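Coordinate analysis (summary)
What follows is the residue order along each chain.
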Amino acid sequence: SEAEAKEWIEKNKIYDVDLAHPVRCDYKRSDLSTASQSEMQHQLDHLNLCLMRVWGPALEDNGYQMVRPKVTVYSRPIQSACGRLPDYNAAYCAKDQNIYVSATLTRVVESAPDPSLSIESVMAHEFGHAVQARTGIIGGRYFLMNGMQQKKEATLITRRNEAQADCFAGMFWNSVAESAKITDTDRQHIIKTFGLVGSDRDGSRPVPEEGATHPRTKTREAWASKGLGSTNIGVCNSYVVPEDEVA
């Protein structure tokens with residue numbers, strides 16, 4: 001029912017869980033801004049293992065089954081089980097449990113202080129969607145969207161979903177900060193990554209705007225910062241905050 005779906009996304013038992021901290025991550029960072037497609041594929045496959053090491057136990061210890069998503073790095077528009085994916089993009093497809101990352105994404109984040117860390121953070125965001133899928137949050141969200149009469153309502157719940165994935169990405173980096181040698185400067189770079197892909201880029205988008213499926217620059221940075229500052233998954237519950245906090 002609608003009430004059950006709402007409770008599933010707003011009061012999911014995963015929100016009571018603390019991520020392990022610190023978590024060992026045998027990931028050696030390299031320059032992805034100049035990497036070939038195969039090199040990027042290799043690096044993100046290894047990052048995927050670290051993401052599983054952080055999120056897998058948290059989910060499985062609480063009754064969920066976490067399946068490691070496949071990573072596909074592509075260099076031209078590609079057909080996925082969720083539809084055709086364009087260049088300069090990254091996405092998680094729940095239908096085939098695949099994270100798709102365009103090799104051309106390097107051009108989107110080329111102005112970032114650390115483009116490689118930005119690409120890795122986008123990957124962590126997409127893995128966050130995999131966490132949402134495995135815990136039923138995405139399923140509950142789509143159930144509610146199907147019953148929504150106004151586009152504005154559907155767009156708002158989509159923004160809540162994206163804000164949560166930003167927060168999950170921050171939580172991942174917080175968990176592996178020690179072994180991945182994440183400095184305070186790196187933390188600021190991670191936060192800025194989500195500003196680079198905000199729906200307005202400069203924080204000027206009027207609120208509310210029906211067509212924006214992702215939050216604004218400052219909003220995305222705020223959610224990434226929340227994740228970086230906590231081990232409790234409940235801080236990422238973007239489904240219960242006021243609308244302006246996901247705008």
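A few points on the structure. (Residues numbered from 1 in each chain as written. Predicted model: local features only at pLDDT ≥ 70, side-chain atom pairs only at ≥ 80, totals over all residues. Heavy atoms only, no water.)

1. So, the overall build of the chain
Helices and strands together make up the secondary structure of the chain, namely 8 helices and 5 strands. In terms of overall dimensions, the chain is globule-like: its C-alpha atoms have a radius of gyration of 17 Å, near the 18 Å expected for 247 residues. Along the longest, intermediate and shortest principal axes, the C-alpha atoms of the chain span 45 × 40 × 35 Å. Relative to its 247 residues, the chain shows a buried fraction of 54%. Long-range contacts, defined as pairs at least 24 residues apart, comprise 70% of the intrachain contacts of the chain with a sequence gap of at least 6. For the chain, the computed accessible surface area is about 11200 Å², with 47% contributed by carbon and sulfur atoms. Here the chain carries 28 positive and 32 negative side-chain charges, and the mean point of each set is 3 Å from the other. (Helix = DSSP H or I, 4+ residues; strand = E, 2+ residues; numbered from the N terminus. Rg over C-alpha atoms; globule rule 2.2 N^0.38 Å. Buried < 20%, exposed > 50% of the residue type's maximum accessible area, 1.4 Å probe, protein only. Contact = heavy atoms within 4.5 Å. Areas by Shrake-Rupley, 256 points an atom, 1.4 Å probe, with all protein chains shown as cover. Lys, Arg positive; Asp, Glu negative; His and termini not counted. Charge placed at Lys NZ, Arg CZ, Asp CG, Glu CD.)

2. Let's talk about the state of the cysteines
Per the stated rule, a full pass over the model turns up 3 disulfides. Each sulfur in the disulfide pair Cys167 and Cys236 lies 2.0 Å from the other. Torsion about the S-S bond of the Cys167 and Cys236 cystine: about -75 degrees, corresponding to left-handed handedness. Here Cys167 is found in helix H6 (residues 151–176), whereas its partner Cys236 is found in the segment after helix H8 (217–228), with 69 residues between them in sequence. Cys236 matches Cys167 in its accessibility class, with the two residues each being buried. In the chain, the cysteines engaged in disulfides, taken in order along the sequence, are linked 1-2, 3-4, 5-6. (Disulfide = S-S within 2.5 Å.)

3. Description of the pairing of strand S5 (residues 98–102)
Within S5, 5 of the 5 residues are buried, which leaves it mostly tucked inside the rest of the structure. Neither face of S5 is left uncovered, since the one carrying Asn98, Tyr100 and Ser102 and the one carrying Ile99 and Val101 both have all their residues buried. Hairpin remark: strand S4 (residues 90–93) followed by S5, antiparallel, with 4 residues in the connecting loop; positive phi at Gln97, about 50 degrees. (Pairing = 2+ DSSP bridges.)

4. Things to note about the packing of helix H2 (residues 37–60) against H6
At their nearest, the axes of H2 and H6 sit 10 Å apart, and the two run at 90 degrees to each other. With respect to their mutual orientation, H2 and H6 come out roughly perpendicular. Contact residues: Leu47, Cys50, Leu51, Val54 and Trp55 in H2; Phe168, Met171, Phe172, Trp173, Ser175 and Val176 in H6. By residue class, the composition of the contact of H2 with H6 is 10 nonpolar, 1 polar and no charged. (Axes fitted to C-alpha atoms, helices over the stretch in contact; angles between N-to-C directions. Parallel < 35°, antiparallel > 145°, perpendicular 65-115°, else oblique. Nonpolar A, V, L, I, M, F, W, Y, C, P; charged D, E, K, R; others polar.)

These figures capture arrangement, not role.
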